[in-house]
Amino acid sequence: MEWRALVLVLASAAFCMGFGAAVPEQSLREAARASGFLIGTAVRPWALSEAAYASTLAREFNMLEPEDALKWEVVHPEPQSFDFSQADQIVDFATRHGMKVRGHTLVWHRQNPPWLTEGKYTSGELAEILEKHIKTVVGHYRGKVFAWDVVNEAFDELHPGELRSTIWRDQPGIGLAENGSSYIERCFRWTHEADPQALLFYNEAEAETMNPKSDAIYAMVRDFRQRGVPIDGVGFEMHIAHLHADVASIAANINRFTALGVQVHITEMDVALPVDAEGNARAGDLQRQADIYRQIASACVSHPGCTATQTWGFTDKYSWIGSHSKQTEGAALPFDRNYRAKPAYDALRGALEQVRSR
Ligand code: 9MR
């Protein structure tokens, strides 16, 4: 055999054995182009310097969201100082590659800096601090971040349907503790003042199906819409566990929210699988995972009011599931640790191809 042919044979054998990352013939973002649908992912800034990470991100997605870089502890580390360096890197990447940016998140009970949580501020002081935070961060990204998760996970999982007790609501809160969701309303109004063009979302976990938590959010959003509070969308996180998703209920939930005139974004999708010590999942589970990705993405793209689907990271190399489950679960994303497309990837692309011309 001629040496060039031998090299070719060896190279394709290595590729088939998994030594090279497959480049799909049509990327997710290409599949989404005709319909204008947004396909996004969460991003960690320090991984952008990794060639495979950056090239996969730019090739596959037309939207991104900083996974942690816009949270208080990163962006507002001291009372008087803001640090936009990490989020700026991500936003610059998006600009260079023609991607939209979702902002996550302005008001949350987690990942807040000690100066804030231990500062023993009065409600009046906290209200001032929060207004300044929102206006500074949103102002910095005005015209660059097209949609914000203004308030994140404000409803309780232990008492579904009730608002969670947090520093922002009632510990001590920003002064509106007795008035249900009015502290949330105030946050939406401040954000709108800082960037009237940005789309404003309420983002939540475990409210993807019809259940008491989503009922409560539905009531809040309906009230906001009726009174002209600036809210444009609801984020369904979609962290799927135990390979179980009630797709009919998710579709019904998308229907009722969009009927209020707000958009739905799927904001944080992943499907965690049991993994062995090497982080590998079973082949059958990878297929079942693909089915869930397909069904959920289809439920979204087939509804005109569901305008974006986003995964919470894209490579199994970087995912919150591993550390969160003490490495007993993982393999939750469409690409494996070597950036090879998994069955979930093909499923996602199939769903996007479904809506060439919405
Ligand atoms: O993926 C995020 C992880 O890196 C952080 O350590 C964690 C801290 O709570 O937050 C993760 O992202 C969360 C997101 O901001 C809001 N919804 C739930 C996500 C998973 O916990």
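Residues numbered from 1 in each chain as written. Predicted model: local features only at pLDDT ≥ 70, side-chain atom pairs only at ≥ 80, totals over all residues. Heavy atoms only, no water.

Novice: Tell me about the nonpolar core, residues and numbers included.
Specialist: Within the largest apolar cluster, 107 residues are counted, with the highest numbers of intra-cluster contacts made by Leu57, Trp148, Trp168, Phe188 and Phe257. The element contributing the most residues to this core is helix H11 (residues 283–301), with nine residues. Formed by six residues, the second largest nonpolar core is a distinct cluster that contains Met63, Phe146, Ala147 and Ala308. (Core = buried A, V, L, I, M, F, W, Y, C linked by side-chain atoms within 4.5 Å. Buried < 20%, exposed > 50% of the residue type's maximum accessible area, 1.4 Å probe, protein only. Helix = DSSP H or I, 4+ residues; strand = E, 2+ residues; numbered from the N terminus.)

Novice: Tell me about the pattern of salt bridges, and name the residues and values.
Specialist: Side chains that differ in sign of charge can pair as their charged atoms come close. Counted by the stated rule, this structure contains 24 salt bridges. The partner of Glu157 in a salt bridge is Arg164, with the nearest N and O atoms 3.1 Å apart. Classification of Glu157 by relative accessible area gives partly exposed; the value is 40%. Arg164 sits in the buried class, given a relative accessible area of 10%. Measuring nitrogen to oxygen at the nearest pair gives 3.2 Å for the salt bridge that ties Arg189 to Glu185. A residue pair is termed a helical-turn pair when its members lie 3 or 4 positions apart in one helix, as Arg189 and Glu185 do in helix H8 (residues 182–194) at four residues. (Salt bridge = Lys/Arg side-chain N within 4 Å of Asp/Glu carboxyl O.)

Novice: Can you break down the layout of surface pockets residue by residue, with the values?
Specialist: The calculated volume of the largest pocket comes to roughly 950 Å³. Lining of the largest pocket is provided by 35 residues; of these, Ala205, Glu206, Glu237, His239 and Trp320 occupy positions nearest its centre. Top element by residues in the lining of the largest pocket is helix H12 (residues 320–324). It accounts for three residues. Considered class by class, the residues forming the lining of the largest pocket number eleven nonpolar, ten polar and 14 charged. Within this model, the second largest pocket holds a volume of roughly 440 Å³. Of all the elements in the fold, those that place two or more residues in the lining of the second largest pocket are H12 and strand S11 (329–330). (1 Å grid on protein atoms, 1.4 Å probe; cavity = no way out; pocket = protein on both sides within 12 Å on 5 of 7 lines; lining within 4 Å. Points joined across faces, edges and corners; volume = space filled by probe spheres on them. Nonpolar A, V, L, I, M, F, W, Y, C, P; charged D, E, K, R; others polar.)

Novice: Account for the environment of Phe82, with residues named and values stated.
Specialist: Along the chain, Phe82 turns up in the loop between helix H4 (72–75) and helix H5 (85–96). In the structure, Phe82 is positioned ten residues away from Trp72 in sequence and 9.1 Å away in space, judged by C-alpha atoms. Beyond its immediate stretch of four places on either side in the chain, Phe82 contacts Val75, His76, Pro77, Lys132, His133, Thr136 and Val137. (Contact = heavy atoms within 4.5 Å.)

Novice: If you had to explain H8 to someone new, which residues and values would you point to?
Specialist: With 13 residues, H8 should cover 18 Å at 1.5 Å per step; its first-to-last C-alpha distance of 18 Å lies within 8% of that length. Listed as buried for H8 are Ser182, Tyr183, Ile184, Glu185, Cys187, Phe188, Trp190, Thr191 and Ala194. Residues of H8 that are buried sit in contact with strand S3 (100–107), helix H7 (123–140), strand S4 (147–152), strand S5 (199–204) and helix H9 (212–227). (Expected span 1.5 Å × (residues − 1).)

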